[in-house]
Amino acid sequence: MKVVAQDFVSDGRIATAAGCLAAQQLAEWVIASAISPKVAAQVLRTIQPVGKGL
């Protein structure tokens, strides 16, 4: 196991996230992996925290 100082890490079909944006980061990764990065970006724009991306 390698410890890294990152809030999001993925390796193949496994991902982990930490911090207040962990749910958004994991949702983006799942959608991008299953559908496309473009769709993931569109979805994330609708759930960004106040002041980010809207």
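Everything that follows concerns the structure shown earlier in this document.
Small disclaimer: the values here were computed from a predicted structure and weren't measured.

Colleague: Explain the pairing of strand β1 (residues 8-11) here, please?
Modeller: Regular strands place their side chains on alternate faces of the sheet. For β1 and strand β2 (residues 14-17), the ladder comprises 4 bridges, and the chain directions are antiparallel. Looking at β2, one finds that V9 is bridged to T16. Here β1 folds back onto β2, and the loop between the two strands holds 2 residues, one of which, G12, carries a positive phi near 65°.

Colleague: Which parts of the structure should I look at to understand the packing of helix α1 (residues 22-34) against helix α2 (residues 37-45)?
Modeller: Relative placement of two packed helices is described by the angle separating their axes and the distance separating the axes. In contact at an axis separation of 7 Å, α1 and α2 are set at 145° when each is read in the N-to-C sense. Between α1 and α2 the crossing geometry is right-handed. Residues Q24, E28, I31 and A32 of α1 pack against P37, V39, A40, V43 and L44 of α2. Across the contact of α1 with α2, the residue classes break down as 7 nonpolar, 1 polar and 1 charged.

Calculation criteria
- Residues numbered from 1 in each chain as written.
- Predicted model: local features only at pLDDT ≥ 70, side-chain atom pairs only at ≥ 80, totals over all residues.
- Heavy atoms only, no water.
- Pairing = 2+ DSSP bridges.
- Helix = DSSP H or I, 4+ residues; strand = E, 2+ residues; numbered from the N terminus.
- Axes fitted to C-alpha atoms, helices over the stretch in contact; angles between N-to-C directions.
- Left-handed = near helix turned anticlockwise from the far one by under 90°.
- Contact = heavy atoms within 4.5 Å.
- Nonpolar A, V, L, I, M, F, W, Y, C, P; charged D, E, K, R; others polar.

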